[in-house]
Amino acid sequence: MDASEESLAPAVQSILTAAKQRAGGTSRCSVDATSFQSAISATEAAGQTPVIAEIKPTSPTTDGKRDDDPVALASAMVEGGATALSVLTEPEHFGGSVETLAQIRNVVEVPILRKDFIVHESQLDAVAADMILLIARFLDRPETDSLEELYNVAQNRGFQPLVEVHTRDELERAIEIGASIIGVNNRDLGRLAVTLQTFEQLAPHVPDDVTLIAESGIKTIEHVQQMRAAGADALLIGTAIMHGDVQTNTRRFTTVTDTDIQDTTTETHTS
Ligand SMILES: O=P(O)(O)OC[C@@H](O)[C@@H](O)c1c[nH]c2ccccc12
């Protein structure tokens, strides 16, 4: 363990240890990705709010496990207007699988984000996805690749990388390597606490040409409005969609209109 890992919550430390050991695939994977930015534009043109709906069977911060057919859940989220889907593929702590992602990608047309803890290039070989998550906090460490290298190789293979940040330093690093899709995680992986102020504080420092995503802790329409007003181009929502009827839940968030947003707040980041 290096010194910076001591500040991680035990559950997250265990996730990272498992991630460092997980094997990749047997053959080199490259993809012909469905464009995330085009999907966002189409949602905006239809007057809806871009939502990445997340299929997260369980997590270290969730009670119980959802055992429904993930492909049915995915289709219901798309019916509910989701712009893209995030599919957890981490097996040990989130109940995900790469096979599930492959099945979902076969049946829906929206871009699919592979949500996992990827720390080595070979792990990109596990499954084809339109987007992959690169968590700044977990890269540039002992036994992990550099964020910049992994970003470049992922892009060269056709993946659209989403670089996840939580602090100003991580954000500066993401901007420095030229990330065009950045997600601000409102959840602190050190304490697992969530505050939407994290997004509000970092968003003003993000260049306008970056596609900016607000991640975690979005549970109500007011939260959607708050994140949109602070400059979110899209919202990543897991728990609040996974509890109950996923189609109705997704629809509730995708139908928040810009008028609702301008009525309550002022824009601080435009794209
Ligand atoms: O369930 P929530 O609070 O709506 O959060 C979704 C998503 O942001 C969260 O699952 C997440 C953000 N970054 C991650 C990295 C790995 C695993 C999960 C995550």
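From a predicted model like this one, the values you see are computed outputs, not experimental measurements.

Provide a residue-level description of the overall build of the protein, including the pertinent values.
Secondary structure summary: the protein contains 12 helices and eight strands in total. Relative to its length of 271 residues, the protein is compact, with a C-alpha radius of gyration of 17 Å against a globular reference of 18 Å. Taken along the three principal axes of its C-alpha coordinates, the protein extends 50 × 40 × 35 Å. Taking contacts inside the protein between residues at least 6 apart in sequence as the whole, the part at least 24 apart equals 69%.

An account of the site of the ligand is needed here, citing residue identities and associated values.
Residues in contact with the ligand amount to 14 residues; listed here are only the nearest, Glu215, Ser216, Leu236, Gly238 and Thr239. The set of elements that each furnish at least two residues to the shell around the ligand consists of strand 8 (234-237) and helix 10 (239-242). Tallied by class, residues from the shell around the ligand come to four nonpolar, five polar and five charged.

Go over helix 5 (residues 98-107), please, and point to the residues and values.
Among the residues of helix 5, Thr100, Leu101, Ile104 and Arg105 are the ones counted as buried. Down the axis of helix 5, the buried side of the element spans an arc of 130°, and every buried residue falls inside it. For helix 5, exposure combined with an orientation more than 90 degrees from the buried face picks out Glu99, Asn106 and Val107. Packed against the buried residues of helix 5 are helix 3 (70-79), strand 2 (84-88) and strand 3 (112-115).

Pulling in residues and values, what's your account of the environment of valine 51?
Relative to the helices and strands, valine 51 resides in strand 1 (residues 51-55). When the C-alpha positions of valine 51 and leucine 85 are compared, they lie 8.3 Å apart, and in sequence the two are 34 residues distant. Residues contacting valine 51, with those up to four places away along its chain left out, are Ala82, Thr83, Ala234, Leu235, Ile237, Thr250, Phe253 and Thr254.

Quick one: what's the story with the sheet that holds strand 8, residue by residue and with numbers?
The strand order 1-2-3-4-5-6-7-8 describes a closed barrel built from eight strands, whose pairing is parallel. The mean inter-strand angle of the sheet, taken between neighbouring strand axes irrespective of direction, is 25°. The sheet contact formed by strand 1 and strand 2 spans four bridges and is parallel. Bridging from a neighbouring strand, isoleucine 55 pairs with valine 87 of strand 2.

Residues and numbers for the packing of helix 3 against helix 11 (residues 246-254), please.
For the pair helix 3 and helix 11, the least separation of the axes is 7 Å and the interaxial angle reads 30°. As for how helix 3 packs across helix 11, the hand of that crossing is right-handed. Of helix 11, the residues touching helix 3 (which contributes Leu73, Ala76, Met77 and Glu79) are Val246, Gln247 and Thr250. For the contact of helix 3 with helix 11, a count of residues per class yields four nonpolar, two polar and one charged.

Outline the environment of arginine 22, supporting the account with residue identities and numerical values.
Summarising the element assignment, arginine 22 is placed in the loop between helix 1 (10-21) and helix 2 (36-45). Once the C-alpha coordinates of arginine 22 and serine 122 are considered, the two residues, 100 residues apart in sequence, prove to be 9.7 Å apart.

Which residues make up unusual backbone geometry, and what are the values?
Positioned with a positive phi, glutamate 143 is a non-glycine residue whose angle comes to about 65°. By the element assignment, glutamate 143 lies in the loop between strand 4 (131-135) and helix 6 (147-156). Residues other than glycine seldom take positive phi values, yet serine 216 does so here, at roughly 80°. You can see serine 216 is positioned in the loop between strand 7 (211-215) and helix 9 (221-229).

Cut-offs applied
Residues numbered from 1 in each chain as written. Predicted model: local features only at pLDDT ≥ 70, side-chain atom pairs only at ≥ 80, totals over all residues. Helix = DSSP H or I, 4+ residues; strand = E, 2+ residues; numbered from the N terminus. Rg over C-alpha atoms; globule rule 2.2 N^0.38 Å. Contact = placed C-beta atoms within 7 Å. Near = placed C-beta within 6 Å. Nonpolar A, V, L, I, M, F, W, Y, C, P; charged D, E, K, R; others polar. Buried ≥ 20, exposed ≤ 12 C-beta atoms within 10 Å, placed from the backbone. Arc of directions from axis to C-beta. Pairing = 2+ DSSP bridges. Axes fitted to C-alpha atoms, helices over the stretch in contact; angles between N-to-C directions. Left-handed = near helix turned anticlockwise from the far one by under 90°.

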